[in-house]
Amino acid sequence: MKTLSIAVVGSGGAGALTTGNLLLEAAARLGCYGIQTRSVGPQIRGGEAAAMVRLSDEPIDCISDRFDIMLAMDWNNVHRFAPEILLDENSLIIGDPAEGEVPPALTRSNPQRREVAIGALAKQVRKGRANMIALGVIAEVIGLPDAAVIAVLEKQLGKKGEEALLSSLDAITAGRAAAAGIEPRRLPVNGSAGTAKWIITGNHAAGLGAIRGGIKFVAAYPITPATEVLEWISKALSRTGGTLVQAEDELASINMILGASFGGQPSLTATSGPGLSLMVESLGLAVSAEVPIVVIDVMRGGPSTGIPTIAEQSDLNIAVYGLHGDAPHLVLAPNSVTDCVATTQWSVFLAEALQTPAVVLSDQYLGQARCIIDAPQTLPLRGERLLATDAGGERYQRYAVTESGVSPMAIPGLPGCQHTADGLEHNPIGTPSSTAADHQTQLDKRQRKLTQFDFGDRWADIEGDGELAIITWGSVTGAVREALGRLRAEGGGGIRLVSIRLLTPVQPERFAGALAGVKRVLLIEQSHSAQFRHFLAAHYRLPEDIEILNRAGPLLFRAGEVYDRIKSWSGV
Amino acid sequence: MSQTAEAAAPVTLTPNDYKSNIKPIWCPGCGDYSVLLEITKALAALALRPENVAIVSGIGCSSRFPAYSNCYGFHGVHGRALPVATGLKIARPDLTVLCTGGDGDGFSIGGNHFLHACRRNVDLTYIVMDNQVYGMTKGQASPTTDPDWDHVLMPGGTGTRAFQPLVIALASGANFVARAFSGDPAMTTDIIIEAIRHPGFSFVQILSPCVTFRPDQREWRNFVRQAPVPETNDPSRAARRIMSDDGFNLGILYRGDRPPYRISRKAEFEEVTAIGKEFLV
Ligand SMILES: Cc1ncc(C[n+]2csc(CCOP(=O)(O)OP(=O)(O)O)c2C)c(N)n1
Ligand code: SF4
């Protein structure tokens, strides 16, 4: 796998993020895969910003261990990014001499340094902007042809028109000229575009999966880093005949989707930890009343308000165990940006099929990373409920005890099947009941729905074989996959990857099959208290020999670090 | 709608067609029995078919309502009835959606939803059986309880000013505001009929005695009276009247003409497969 990583930094208004966006899009046109993340200062608007673009000739889901190029339009507060933008002696820092010295935090690793008078050049071009000079410099250094740059600029500037395009192109040309003497760091592809690529964030991908799964109603209360799911889906719903309503809080949003789903429409909301905390009582209601809903939780640092802008896998406990009573429900987790489409779609399908709530655990990294991917597969998974058509002359039983545990659901408007959906324990008709027999029967039935359903192979991604296995979940999978790929390329095979997508209901038999012959296990997760490890230990039979690599956010696992750990652990 | 169901439906609907055969758990003499009768009478008068009506509630004695009706019902968690009803009505504008509950459910734990339901003005009818007490949890003060009402949890009373649901509803934008008394079936039924008919968010406070924990409320029948002035469509006038009355003036106190929440759903929409093209580079 060939990669090229570029960071563009600058203070508020410099436009570093725009440069990063354009770079990613131009590279996509040449057939690159890639991932772009961003880091910004705590200001709501206008603070320092870093766009981090990693390009590759193969699909990637992990940010870079090191950067080939760091271009800074200025140095204001840029030292903040030093822990994220790792440089070494092969890295190249390009800075503007007029902005002063490179901060020591960035030169410690002794990177190569070149100077380009970015600010002065921008002034020489009519309506020239520093970030377009920067784009020209980078384009020259990485061998990005003008045609690709022009194509993305035309698409971006669209309405702003000819004049803006010309001044941008002038700036890019000036940047190219100024970079002429800098030794190249080439793109990982040679320009044959291959199949058309998509650029998408995990939040938009989750929204797309929801629409593909048949979601028709969304209630929304904004929260970082989940808001983009809601904003994107608002437009998509207006195009596909659905509706979105802005709720007054998450207590309302989850109850609104319960109401809409009771009315027969597949319904969803998206939130993050604080919102999920508010929703758990009503998740239990969805379990008891057997009303399907989907809740996407884009995890961020917790507890409490925590760190809203970073990823952490620390909502596993609340998603699995947060509900009071015995409340079996679905918890799923996408393990890549691409997989946000399929897993969300599958979640809608499962929630509808099983008439129960599904919690989808994405995270800030997956949600907000912009990725160049192959067009996601279309799956034949559309949410469909088992509906009652009439009571067949009998008294309709909303919670009829069936073999599968799933009971035909009557939607308001259907004559003869009126009933009350109830969070109070009830008998099969739906009448509140506190008898031991009814409680037992309904608990069994709700559990049976989940244990009897055949979830198939989609429950986990299992790759490779051998006596060593790495078990992980969610976004961390990207780094593990890449590390294992590196090992394999070096001839070090024999390590299995098990990335669990369906967290609950647990799949003991499938898990045992996935681990057949495994003697040692390394668990990797982004949680301070190792929630995943405790979850696995509670539900699955694991080998004696377990090691764990875990830590809290915000420092994401990168392939290099995981690779080193796998090597020392496995001795491969 | 299937042919057989059409044929089986009674020609004229009576209040009994809206009652289930489940026996209420309410104490003998509880005001909520009358409200059940009044709502079923109103539905019959409006000739709404039971399958096209949904009754949504939270938790409390009064919130037990849905199961006692023969309409579609949703009995959710404490305080969240209005969001459920809102989601249901927006998803299914063809249904008549009523929301029923108590003063604790609606103004305490669910108070925020009350404000926003009034603002949002979705075409719902919200009926609160106000007994100025938490009945289900056996007699604690609710937001509408007087500050000096002595009870076990707060001997000597809460010392907290009573909540004024009608003015709050008015200030928040409810489109129809009325007060009724469960012991006056004719007037209450008429008010409910008007509330259901009126577009937008209609709020009806029904004084409904809790004979068990507020036996003093048996006296209410001697206090209530028809409001001495006709209804108005001027919210500030309505607010002045409500704030200066003693809480026993009955009738439709405000009827506004604010357009209800707009449910925008395109009649012609694109196939799901059309969605996502924007991501193609
Ligand atoms: C989250 C939650 N907190 C507390 C309760 C306990 N609870 C049940 S009903 C109720 C108050 C009911 O009072 P009100 O709404 O006035 O109805 P009433 O019983 O008087 O008709 C309370 C506090 C609950 N069910 N759920
Ligand atoms: S406790 Fe009060 S409100 Fe509840 S049923 Fe008895 S009388 Fe009615």
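Along each chain, residues carry numbers from 1 onward, in the same order as the chain's sequence is written. Numbering of ligands from 1 and lettering of chains from A proceed in the order in which they are written. The predicted nature of this model means local features are confined to residues of pLDDT at least 70 and side-chain atom pairs, given and counted, to a pLDDT of 80 or more, with totals for whole chains, interfaces and linings taken over all residues. The side-chain quantities take in all heavy atoms of the structure and omit both hydrogens and water.

Topic: the overall build of chain B
Under the convention used in this document: Secondary structure elements are taken from DSSP: a helix is a run of H or I of four residues or more, a strand is a run of E of two residues or more, and numbering for both begins at the N terminus. The globule rule used for comparison is 2.2 Å times the number of residues to the exponent 0.38, while the radius of gyration itself is calculated over C-alpha atoms. Partly exposed residues are those whose accessible area sits between 20% and 50% of the maximum for their type, while under 20% is buried and over 50% is exposed, using a 1.4 Å probe and protein chains only. Two residues form a contact once any of their heavy atoms are found within 4.5 Å. Only the protein chains shown count as cover for residues, and all accessible areas are computed by the Shrake-Rupley method using a 1.4 Å probe. In this tally Asp and Glu are treated as negative and Lys and Arg as positive; neither His nor the chain ends contributes. Every charge is mapped onto a representative atom, which is NZ of Lys, CZ of Arg, CG of Asp or CD of Glu.
Along chain B, the regular secondary structure elements total 10 helices and 8 strands. The C-alpha atoms of chain B give 20 Å as radius of gyration, which agrees with the globular expectation for 281 residues (19 Å, within 12%). C-alpha atoms of chain B, sized along the principal axes, occupy 70 × 50 × 40 Å. Counting across all 281 residues of chain B, residues that qualify as buried make up 58%. Sequence separation of at least 24 residues holds for 71% of the intrachain contacts in chain B that already meet a minimum separation of 6. Carbon and sulfur atoms form 55% of the exposed surface of chain B, whose accessible area is close to 11900 Å². If the 27 positive side-chain charges of chain B are averaged to one point and the 27 negative ones to another, these points end up 2 Å apart.

Some remarks on the interface of chain A and chain B
This is how the line gets drawn: Summed over both partners, the accessible surface that disappears when two parts come together, traced with a 1.4 Å probe, is what is meant by buried area. What makes a salt bridge here is a side-chain nitrogen of Lys or Arg within 4 Å of a carboxyl oxygen of Asp or Glu, nothing more. Polar contacts here mean pairs of N or O atoms no more than 3.5 Å apart (in protein, one a potential hydrogen donor and the other a potential acceptor; neighbouring residues in sequence count only if both atoms are side-chain atoms). Note on residue classes: Ala, Val, Leu, Ile, Met, Phe, Trp, Tyr, Cys and Pro are nonpolar, Asp, Glu, Lys and Arg are charged, and everything else, Gly too, is polar. When DSSP locates at least two bridges between a pair of strands, those strands are taken to pair.
Listed per partner, the contact involves 60 residues of chain A and 49 residues of chain B. Contact between chain A and chain B buries roughly 4600 Å² in total, counting both sides, with carbon and sulfur atoms accounting for 61%. When residues of chain A are sorted by the area they lose upon contact with chain B, A:Arg239, A:Glu248 and A:Gln418 head the list and together hold 16% of the total. At the junction of chain A and chain B, the tally comes to 2 salt bridges. The partner of A:Glu248 in a salt bridge is B:Arg120, with the nearest N and O atoms 2.6 Å apart. At the boundary of chain A with chain B, the tally comes to 23 residue pairs in polar contact (both at pLDDT 80 or more). When contributions to the side of chain A that touches chain B are tallied by element, the ones reaching two or more residues are helix 1 (16–29), strand 7 (197–201), helix 7 (202–213), helix 8 (227–240), strand 9 (243–246), helix 9 (250–262), helix 10 (273–289) and strand 15 (420–422) of chain A. Sorting elements by how many residues they give to the side of chain A that touches chain B places helix 9 of chain A first, with 8 residues. Class assignment for the residues of the side of chain A that touches chain B results in 30 nonpolar, 18 polar and 12 charged. In the sheet, strand 15 of chain A pairs with strand 2 (residues 72–75) of chain B via 3 bridges, with the strands oriented parallel.

Details of the confidence of the model for chain B
Counted only if it meets this: Each residue carries a pLDDT value, the predictor's own confidence for that position, ranging from 0 to 100.
Across chain B, pLDDT averages 94, with 96% of residues at or above 70. Throughout residues 1–8 of chain B the model reports pLDDT below 50, and contacts reaching past four residues in sequence, or to other chains, amount to 7 contacts.

Topic: the pairing of strand 3 (residues 96–102) of chain B
Residue and element names in this part refer to chain B. Most of strand 3 is tucked away, with 7 of its 7 residues classed as buried. Residues Thr96, Leu98, Thr100 and Gly102 of strand 3 are buried on one face, and the alternating residues Val97, Cys99 and Gly101, pointing to the opposite face, are buried as well. Two strands pair when backbone bridges link them, and strand 1 (residues 53–57) and strand 3 are joined in this way by 5 bridges, in the parallel orientation. In the strand pairing of strand 3, Ile55 is matched with Leu98. Taken together, the 5 bridges between strand 3 and strand 4 (residues 125–130) define a ladder with parallel strand orientation. Each residue of the ladder has a partner; that of Cys99, found in strand 4, is Tyr126.

Considerations on the packing of aromatic side chains
Just so we agree on the cut-off: When two rings of Phe, Tyr or Trp (its six-membered ring) have centres within 6.5 Å they constitute a pair, described as stacked for plane angles under 30 degrees, edge-to-face for angles over 60, and tilted for the intermediate range. Geometrically, a charge over a ring is one whose NZ (Lys) or CZ (Arg) sits within 6 Å of the ring centre while staying within 35 degrees of the ring normal.
One pass over the full model with this rule turns up 20 aromatic pairs over all chains. Site record: aromatic cluster; members linked through ring pairs are B:Phe107, B:Phe114, B:Tyr126, B:Phe163, B:Phe201 and B:Phe203. One Lys or Arg, A:Lys197, reaches over the ring of A:Tyr33 and ends 4.5 Å from the middle of that ring. In this arrangement the basic side chain of A:Arg486 is found over the ring face of A:Tyr563, its NZ or CZ atom lying 5.9 Å from the centre.

A look at the environment of A:Ala351
All names here are of chain A. Looking at the element boundaries, Ala351 is found in helix 12 (residues 337–354). Residue classification places Ala351 among the buried positions, given a relative accessible area of 1%. For Ala351 and Ser314, which are 37 residues apart along the polypeptide, the C-alpha to C-alpha distance reads 23 Å. Leaving out residues up to four positions away in the same chain, Ala351 has contacts with Pro292, Ile293, Val294, Leu330, Thr356 and Ala358.

Details of the nonpolar core
Residues and elements named next belong to chain A. For the record, the criterion: The term nonpolar core refers to a set of buried residues drawn from Ala, Val, Leu, Ile, Met, Phe, Trp, Tyr and Cys, joined through side-chain atoms within 4.5 Å.
Grouped together as the largest cluster of nonpolar side chains are 151 residues, with contacts concentrated most on Leu361, Ile471, Ile500, Leu503 and Leu536. Ignoring sequence-local partners within four residues, the contact set of Leu536 consists of Ile471, Ile500, Phe511, Leu523 and Leu542. Membership of the second largest hydrophobic core comes to 51 residues, among which are Leu22, Ala134, Ile138 and Ala139.

Description of the pairing of strand 8 (residues 249–255) of chain B
Residues and elements named next belong to chain B. Most of strand 8 sits out of view: 6 of its 7 residues are buried. With 2 bridges connecting them, strand 7 (residues 225–226) and strand 8 associate as parallel partners. When the bridges of strand 8 are listed, Gln226 appears paired with Leu250.

Thoughts on the site of ligand 1
Quick reminder of the rule: For each residue, the test is whether any non-hydrogen atom lies within 4 Å of the molecule or strand; if one does, the residue is near.
Neighbouring ligand 1 are 17 residues, the closest being B:Cys61, B:Ser62, B:Gly104, B:Asp105 and B:Gly135. Flanking ligand 1 are residues from chains A and B. A distance of 3.4 Å separates an oxygen atom of ligand 1 from a polar backbone atom of B:Asp103. Measuring from an oxygen atom of ligand 1, one finds a backbone N or O atom of B:Met136 at 2.9 Å. Relative to its unbound accessible surface of 590 Å², ligand 1 loses 77% to contact with the protein. The greatest single-element share of the shell around ligand 1, amounting to 4 residues, is contributed by helix 5 (residues 103–109) of chain B. For the shell around ligand 1, the residue count by class is 6 nonpolar, 8 polar and 3 charged.

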